[in-house]
Amino acid sequence: NCHTGGFFLSAMELLLKQRTEILRALCSGGSAEHLESILDILLAQEEITWEDYQNVQVTGRPLNSNARNLLDLVYTKGADTCELFLAALKQILPKEQGAGLCFLEHSSTLDELEVTQRTWTETVLKRRPSLVWKLQGSVQDAVEALVESGHFSSADANEVLLPVYTPSQQARRLLDHVGLSLLCFLFCPSEVLKRFKEKLSSSVSAESCFLSTYGRTNHMPLEVIFTEVQLALPDNKPVSLEEIVSPKDAVNGEADTVLVSGVAGSGKSTLLQRLHLLWSQGGALRDFLLVFPFSCRRLNSELRELSLQELLFQHCCWPDRGQEEIFQFILDHPQLILFTFDGLDELKQSFSDDQRLCCPTQRAPVHVLLFNLIQGSLMKGVWKVVTSRPDAVGPGLKQHLRREVLLKGFSPAGIESFVRQHHRDPTVAAKVLESLQANTALLGLCHSPVLCWIVSQCHKELLGCGEGRPQTLTDVYLMILQHFFQHKHLLKNPIGAGWLQEHKETVLYLGKLAFDGISTSCYVFSSTDLELCNVGERELLTGFLIQSRNVSQIDGKCYEFLHLTIQCFFAALHIVLSPNVERSAVTKLFDLWNTAEKSSTCFGLCLPDKQSWAAKNDRNAVETPNLQIIATFVSGLLSQRHKSLWLHCCPGAVLEQKGRQVVKSMSKGMQRHFRSIPKPIPGEKKSMHALPHFVWLIKCIYEMQDSQIAKDAMSKLEVDHLKLTYCNIGPVECTALAFVLQHLKNPVGLNLDNNSVGDVGVEQLLPCLHICSSLYLRNNNITDEGIRKLTDKGVQCDSFQKIALFNNRLTDACTQHFSHLLKTKQNFLALRLGNNNITADGAKLLAEGLKQNGSLMYLGLWGNRIGDEGAEVIANALESSTSLVWLSLVGNGVGSTGACALSKVIRNSPSLEELWLTDNCITRTGVESLIEALENNPRVKSVWLRGNELSSEDVAELNQREPRLLF
């Protein structure tokens, strides 16, 4: 009976009342068909997740067990899911089987339920019931086509086509393996589209199979040399290569552009190349039928106005036939299409949304097409992946991003992997790695893939340099300069001091070409451009210029520097060595704060031909990131360390003057920052929130390797706190910061939260730890090894009293190091280790140090997993503390046993003011113990208990009894 006492039963009551009959219907005949059909429908309507599906449909488990698990799952999800389940059951059961069951009188039909599409993977789930029905007679053909196209292995095929599966089960296994784009390809009636897809895949594969960056030297297969880089969201959440194009973690759910940002040399182009190759092989981006890769550097050479169709087919892959049909498919199925744009920062025009374009057949300048694609005015629904340096992306562009993925270069393991893959001889690789471990400054530089490549290329120079090992960015690029000259047998005396003088002319010609290119945002050079700068066969033989691919020019071949940073390095050499550069060039290069100068481009004013500069008024101002790289190199080249290199290359007086200009410019830049420090609020300490320009100036000072310059720069900085959060601080920046900050007169609180310091960066900071009263390193990917080195140094530094390490990768192993620090330093005040992976075992180790420390005031362990056992040992260690003011064990799985132990701390402490126990498992028993302790200690101001196992009635009553309990 479907109703009781005149009242109709609810969906949940019906499910519970008829459980035995429903189980019998789902398992009738021993076939899983009914069960799997209902699972398909629940997936399609998003009532269950894919994880739920896999937990229910376990291969090898009895059918009745799977069916029971499904009923349990549906019931726990509530009334709506129960209602949908009954509607699905009514639909899939034959009439004779459903006749004995009761269903809801007024439930919605499945057809009436709203279906919304997000990604094509989700579409597979939403259309799963109909797809299973359509596929079950064609699974064999589909699998054969997948194997033939390389998207399926024999093992995949055998798994789908197991003889024990029914046709519909085989269809479901096929859907579990492939994305909708592959299904569209397999069952597409258009032979034209199939052939174009095959041609595009082949073209993308051919372009991606060899390493395309760093001059494509040695024709290294990408499969062999590619090394995983560190990818993360702005909150430091790790992202895998395959997750770059994902609907998750969207900042703007309406947008469909993903930005991959990273500094010059961090591996953006190689990363995109790897994605392209995986797509062509069927190993990634399976949701996309067609992927169109673009290089913004190449697009700069396109001066014609194009339609979107012309852009796709002329710059990516030309269809042999059926252009209109293919383009119409692209317009009709935007969710199956992916565009990638590499090097947005190299485009001559700055991003703008002034010129809107919606029509895909309308012709427009290429940059207008690109900007409208990115912002979604053109081809809404097509996913775009764009790479750029972070400084080149303004707020105008960021508002059109679905999300941003940060590329942070190699991890320490990545450096080792790259070096071993680069050198076939394991003995050579081992020697290079040994040399890097002995030179932590160079090891920090090698987190940048391009610098790691340079070091690997120059291994002979590196291993033979003795005490003169490279320390700075400039050192590394001078090493590659010498290596290329020597490698091409152009030096009569490869090691002698006069090697640069011998080829000064070549350096000046290449420098002029690089300088002019940066000045005009030009990275691809025609034969005419080379001619104007006297670049001939001798310069080409050095290997610094390589022939550009996929760039058509009427006047012949085109060339580019093998990497952007190499072009910047030659531009810096031009500024240092050329007699034709104005004397004010260095000063203008460093003056990047004057808005008026920036809009007219200070670098352009250095050019002798100002009319030529002014004539090109359709491009953006020269990019600040390039200027900063050049200025960094100029600083290093003009340092006293390299003075002997320029003998007989340039008049000494000129070099001395330029060197003084660099020092004066850096000093003025520092003073601007210091003057911007606001006066402290009465009662608060003086703080300086540094901008990225400050970090760049610090790096320039480091390049000069002159302690006196660093000391002079810091002599007028008088603050209590120096804040450098979200400044892209990595190991390289840490090296520079330590070199300069160690000369501060008074201890300072150094805040480096939300950067990419890592273990190597921690080691690089140690020389300035003695001047740090506190160190904040939240969200910095630091492990126990970094903590070992930090605490070993910290115990020797009297001023070092506070550290915060929230949200890193710390485990129990780090606590033994902190325990040693607490035992040794009896003036240490604050230890914050929240949101790491510390358990009760770690708490026990930490407690040993806490027992012997008489100074700690603040202890933060929120977001770990110490449980009751850990809370008890911490409480026992702190029971007699006379200094503790604040303790946080939020979100640690602490129950009433732990709360009772902590009551002793409350009862006995003469100093405790706040105890945080939010989001734990404390019941009324534990709270009663806390109240009893509070009654004996009026000094405690608050105990936070929100999010524990208490009813609303308990909360109201307990709060009335003790107002210091905060719920």
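What counts, and at which threshold
- Residues numbered from 1 in each chain as written.
- Predicted model: local features only at pLDDT ≥ 70, side-chain atom pairs only at ≥ 80, totals over all residues.
- Heavy atoms only, no water.
- Pairing = 2+ DSSP bridges.
- Helix = DSSP H or I, 4+ residues; strand = E, 2+ residues; numbered from the N terminus.
- Contact = heavy atoms within 4.5 Å.
- Axes fitted to C-alpha atoms, helices over the stretch in contact; angles between N-to-C directions.
- Salt bridge = Lys/Arg side-chain N within 4 Å of Asp/Glu carboxyl O.
- Buried < 20%, exposed > 50% of the residue type's maximum accessible area, 1.4 Å probe, protein only.
- Core = buried A, V, L, I, M, F, W, Y, C linked by side-chain atoms within 4.5 Å.
- Parallel < 35°, antiparallel > 145°, perpendicular 65-115°, else oblique.
- Left-handed = near helix turned anticlockwise from the far one by under 90°.
- Nonpolar A, V, L, I, M, F, W, Y, C, P; charged D, E, K, R; others polar.
- 1 Å grid on protein atoms, 1.4 Å probe; cavity = no way out; pocket = protein on both sides within 12 Å on 5 of 7 lines; lining within 4 Å.
- Points joined across faces, edges and corners; volume = space filled by probe spheres on them.

Chemist: Before we go on, may I ask you to explain the sheet that holds strand β10 (residues 403–407) in this structure?
Modeler: Strand pairing in a sheet takes place through backbone hydrogen bonds and is either antiparallel or parallel in direction. Taking strand neighbours across the sheet as the criterion, the 6 strands line up as β3-β10-β4-β9-β7-β5 in an open arrangement whose pairing is mixed. Lying at the two open borders of the sheet, with one neighbouring strand each, are β3 (231–232) and β5 (290–295). Here β3 runs beside β10; their pairing, made up of 2 bridges, is antiparallel. Within β10, the position partnered with Ala232 by the bridge is Leu406. Packed onto the sheet, helix α16 (residues 268–280) meets β3, β4 (257–261), β5, β7 (337–342), β9 (383–388) and β10 and runs at close to 155 degrees relative to β7.

Chemist: I would appreciate a short explanation of the sheet that holds strand β15 (residues 721–723) in the present structure.
Modeler: Strands sit in the order β14-β15-β16-β17-β18-β19-β20-β21-β22-β23-β24 across an open sheet of 11 strands; the sheet is parallel. Looking at strand neighbours, the two that pair on one side only are β14 (687–689) and β24 (965–966), the edges of this open sheet. Bridge count between strand β19 (residues 830–832) and strand β20 (residues 858–860): 3 bridges; the pairing is parallel. Opposite Ala830, over in β20, you have Tyr858 as the bridge partner.

Chemist: Any chance you could explain the pattern of salt bridges here in plain terms?
Modeler: When the charged atoms of two side chains lie near each other, side chains of opposite charge can form a pair. Per the stated rule, a full pass over the model turns up 36 salt bridges. Arg274 is the partner of Glu223 in a salt bridge, and the nearest nitrogen-oxygen pair spans 3.1 Å. Here Glu223 is found in helix α15 (residues 222–225), whereas its partner Arg274 is found in helix α16, with 51 residues between them in sequence. Overall, the relative accessible area of 43% leaves Glu223 in the partly exposed class.

Chemist: Please explain the nonpolar core as it appears in this structure.
Modeler: Nonpolar side chains in soluble globular proteins tend to be buried together. Phe292, Tyr477 and Leu859 are the most contacted members of the largest nonpolar core, which totals 254 residues. If one sorts the elements of this core by residue count, helix α32 (residues 564–577) sits on top with 11 residues. Residues within four places of Leu859 in sequence aside, it is in contact with Leu831, Leu846, Leu850, Ile874, Leu878, Leu884, Trp886, Leu887 and Ser888. In terms of nonpolar packing, the next biggest core, distinct from the first, is built from 36 residues, Leu43, Val56, Leu84 and Cys102 among them.

Chemist: Please explain helix α18 (residues 308–315) as it appears in this structure.
Modeler: Among the 8 residues of α18, 6 are classified as buried, and the element is accordingly described as predominantly covered. Buried within α18 are the following residues: Leu308, Gln309, Glu310, Leu311, Leu312 and Phe313.

Chemist: It is not clear to me how the packing of helix α25 (residues 449–457) against helix α27 (residues 473–487) should be interpreted in this structure. Could you clarify?
Modeler: Their axes nearest at 10 Å, the elements α25 and α27 cross at an angle of 45 degrees. Comparing the axis directions of α25 and α27 gives the class oblique. Two packed elements cross with a definite hand, and for α25 against α27 that hand is left-handed. Facing α25, whose interface residues are Val450, Leu451, Trp453, Ile454, Val455 and Gln457, α27 presents Leu473, Val476, Tyr477, Met479, Ile480, His483 and Phe484. Within the contact of α25 with α27, the residues separate by chemical class into 11 nonpolar, 2 polar and no charged.

Chemist: Help me understand the pairing of β4, please; the structure alone is not making it clear to me.
Modeler: Along a regular strand, successive side chains alternate from one face of the sheet to the other. Taken across its 5 residues, β4 has 5 buried, putting it largely inside the fold. Where burial is concerned, the two faces of β4 agree: the one with Thr257, Leu259 and Ser261 and the one with Val258 and Val260 are both buried. By the bridge criterion, 4 bridges tie β4 to β10 in an arrangement that is parallel. Across the sheet, Ser261 pairs through a bridge with Leu406, a residue of β10.

Chemist: Is there a simple way to think about the environment of Trp279 in this case?
Modeler: Topologically, Trp279 is positioned in helix α16. For the pair Trp279 and Ser201, spaced 78 residues apart in sequence, the C-alpha to C-alpha distance is 7.8 Å. Every residue in contact with Trp279, bar those within four places of it in the chain, is listed here: Lys197, Leu200, Ser201, Val204, Ala284, Leu285, Phe288, Leu289, Leu290 and Val291.

Chemist: Where do I start with empty space enclosed by the protein in this structure?
Modeler: Rolling a probe over the atoms, with the probe sized like a water molecule, indicates the empty space that remains. Under the definition given, this model contains 4 cavities of 30 Å³ or more. Empty space within the largest cavity amounts to approximately 120 Å³. As for the largest cavity, its lining consists of 12 residues, and the residues nearest its centre are Phe226, Thr227, Thr270, Phe410 and Phe418. Along the lines of polarity and charge, the residues of the lining of the largest cavity split into 9 nonpolar, 3 polar and no charged.

Chemist: Even after reading the chapter, I still don't get the packing of helix α3 (residues 33–44) against helix α6 (residues 79–92), so can you show me in this structure?
Modeler: For any two helices packed against each other, one specifies the inter-axial angle together with the distance between the axes. Taken N-terminus to C-terminus, the directions of α3 and α6 make an angle of 130 degrees; their axes are 10 Å apart at the nearest point. Taken together, α3 and α6 sit at an angle that is classed as oblique. Of the two possible hands of crossing, α3 and α6 adopt the one that is right-handed. In this structure, α3 uses His34, Ser37, Ile38, Ile41 and Leu42 to contact α6, whose residues at the interface are Leu84, Phe85, Ala88, Leu89, Gln91 and Ile92. Looking at the contact of α3 with α6, its residues break down into 8 nonpolar, 3 polar and no charged.

All we've got here are geometric facts, nothing functional implied.
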